[in-house]
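Structural overview for review
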Number of protein chains: 2
Amino acid sequence: MSELSYRFAEEADLPVMVELLADDDISGHREQNGSQILPEYAKAFAEMMRMPFNHMLLAESGGEVVGVLQLVFIPGLSRRGAMRAIIEGVRVKSTVRGHGIGSALIGRAVDEAKRAGCKLVQLTSDKRRPRAHLFYRRLGFQQSHEGFKLEL
Amino acid sequence: MSELSYRFAEEADLPVMVELLADDDISGHREQNGSQILPEYAKAFAEMMRMPFNHMLLAESGGEVVGVLQLVFIPGLSRRGAMRAIIEGVRVKSTVRGHGIGSALIGRAVDEAKRAGCKLVQLTSDKRRPRAHLFYRRLGFQQSHEGFKLEL
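Residues numbered from 1 in each chain as written. Chains lettered and ligands numbered in written order. Predicted model: local features only at pLDDT ≥ 70, side-chain atom pairs only at ≥ 80, totals over all residues. Heavy atoms only, no water.

As for the relation of the copies chain A and chain B
Superposing chain A onto chain B takes a rotation of 180° combined with a translation of 0.0 Å along the rotation axis, leaving an RMSD of 0.0 Å. What the superposition gives is, in effect, a two-fold axis relating one chain to the other. Both copies present the same face, since 100% of the interface residues in chain A are matched by interface residues at the equivalent positions in chain B. (Least-squares fit on C-alpha atoms with pLDDT ≥ 70 in both. Contact = heavy atoms within 4.5 Å.)

Encoded structure:
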């Protein structure tokens, strides 16, 4: 593994991001297969860019994207008007898992959140991913909440 | 109980919203006590208003605010570019709990999310609130995830 570098994604990164989102046993089936990018992805990316802070953070190694997560900053009234960071869709390329890329990517996201003045970082993880839960606890996260989803 | 009505909060609603946030056994201590509103709350509210959709939804009964929640719409790439709604800080005035206000308020938030084209509504609930978990399951939410928080 070459050293990791980080950057926020641009529209040209859509194909590799969709590939990474689909490269997952539990939720990969929800994404598109094949080389043509659904226009919905480009539309969603454009909408992300219209928010004050809603970015895809990429980890690269040797010029190749090997990890991605979505990082969103949400101002709110709770906790005396604290801004919180929400992390969604953490993915590491399946062929390079187990090399610390996920941990480094989360660490970088936490640093970005701190620098922006967030007081809290939060995420949810499917109950079918016990290894991910151990991973987040080791990174210092409190497994303090139940996560609920309602599909519309 | 008079019939409920709903509206999105304005800045003038800050005192009653902070009072509701503080009216909670588990997380109320994180909020300010007393009648002077911390400038942080007004600043956070102004930042919320700068997002495409980040609102406090209020339930009123007989001209009085009896419930509040934060409703945020987040575009993202996952699930073929699905927009998701995030609900935070659900509070019902302690003197009128058990009258279905929370349920009605969540129902209204879900309707707003549907109307805006969201494919998913998600929230987390502290593991110390088993009655809230039953409440969300009864409203059709899947308790499918673990919720992690990291305080910065």
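Here the narrative resumes.
Observations concerning the nonpolar core
L69(B), L71(B), F73(B), I87(B), V121(B) and F141(B) are the most contacted members of the largest nonpolar core, which totals 26 residues. Looking at this core, the elements with two or more residues in it are β6 (142-151) of chain A together with β2 (54-61), β3 (64-74), β4 (84-92), α4 (101-115), β5 (120-126) and α5 (130-138) of chain B. Excluding anything up to four places from it in sequence, F141(B) contacts F148(A), K149(A), L150(A), I106(B), V110(B), V121(B), L123(B) and Y136(B). Counting 25 residues, the second-largest nonpolar core is a separate cluster that includes L57(A), L69(A), I87(A) and A109(A). (Core = buried A, V, L, I, M, F, W, Y, C linked by side-chain atoms within 4.5 Å. Buried < 20%, exposed > 50% of the residue type's maximum accessible area, 1.4 Å probe, protein only. Helix = DSSP H or I, 4+ residues; strand = E, 2+ residues; numbered from the N terminus.)

Re the environment of S2(B)
All names here are of chain B. Here S2 is to be found in the segment before β1 (4-8). Along the primary structure S2 and E64 are separated by 62 residues, whereas in three dimensions their C-alpha atoms are 10.0 Å apart. Once residues lying within four places of it in the same chain are set aside, the contact partners of S2 are S61 and G62.

Observations regarding the environment of E3(B)
Residues and elements named next belong to chain B. Along the chain, E3 falls in the segment before β1. The exposure class assigned to E3 is exposed, which follows from its relative accessible area of 74%. The spatial distance from the C-alpha of E3 to the C-alpha of E60 is 8.3 Å, given a sequence separation of 57 residues. Not counting residues up to four positions away in its chain, the partners in contact with E3 are E60, S61 and G62.

Topic: the side chain of S27(B)
Residue and element names in this part refer to chain B. As for its placement among the helices and strands, S27 is situated in the loop between α1 (14-22) and α2 (39-49). By relative accessible area, which is 3% here, S27 ends up buried. In terms of polar contacts, S27 uses its side chain to reach the side chain of R91, at 2.6 Å. Excluding residues that lie within four positions of it along the chain, S27 makes contacts with R91 and R129. (Polar contact = N/O pair within 3.5 Å; in protein donor to acceptor, adjacent residues only side chain to side chain.)

Description of the sheet that holds strand β1 (residues 4-8) of chain A
Read from one edge to the other, the open sheet built from 12 strands follows the order β1(A)-β2(A)-β3(A)-β4(A)-β5(A)-β6(B)-β6(A)-β5(B)-β4(B)-β3(B)-β2(B)-β1(B), with strand pairing classed as mixed. At either end of the open sheet lies a strand with only one pairing partner, and these are β1 of chain A together with β1 of chain B. Each neighbouring strand pair of the sheet contributes to a mean axis angle of 30°, computed without reference to strand direction. Where β4(B) lies against β5(B), three bridges are found, and the strand directions are parallel. If you follow R84(B) over to β5(B), its bridge partner there is L120(B). Across the sheet, helix α1 (residues 14-22) of chain A touches β2 (54-61), β3 (64-74) and β4 (84-92) of chain A, and the angle it forms with β3(A) is around 90°. Strands in contact with α1(B) are β2, β3 and β4 of chain B; relative to β3(B), the strand with the most contacts, it is inclined by about 90°. (Pairing = 2+ DSSP bridges. Axes fitted to C-alpha atoms, helices over the stretch in contact; angles between N-to-C directions.)

Points about the interface of chain A and chain B
A common measure of how large an interface is: the accessible area buried when the components associate. At the interface, 63 residues of chain A touch 63 residues of chain B. Here chain A packs against chain B, burying approximately 6,000 Å² in sum over the two surfaces, 62% of which is carbon and sulfur. The largest share of the area that chain A buries against chain B comes from L77(A), R80(A) and F148(A), three residues that together contribute 16% of it. There are six salt bridges connecting chain A and chain B. Between E146(A) and K127(B) there is a salt bridge, and its shortest N-O distance comes to 2.7 Å. Our count for the chain A to chain B interface comes out at 38 residue pairs in polar contact (both at pLDDT 80 or more). Looking at which element gives the most residues to the side of chain A that touches chain B, the answer is β6(A), with 10 residues. In terms of residue class, the side of chain A that touches chain B is built from 29 nonpolar, 17 polar and 17 charged. (Buried area = accessible area lost by both parts, 1.4 Å probe. Salt bridge = Lys/Arg side-chain N within 4 Å of Asp/Glu carboxyl O. Nonpolar A, V, L, I, M, F, W, Y, C, P; charged D, E, K, R; others polar.)

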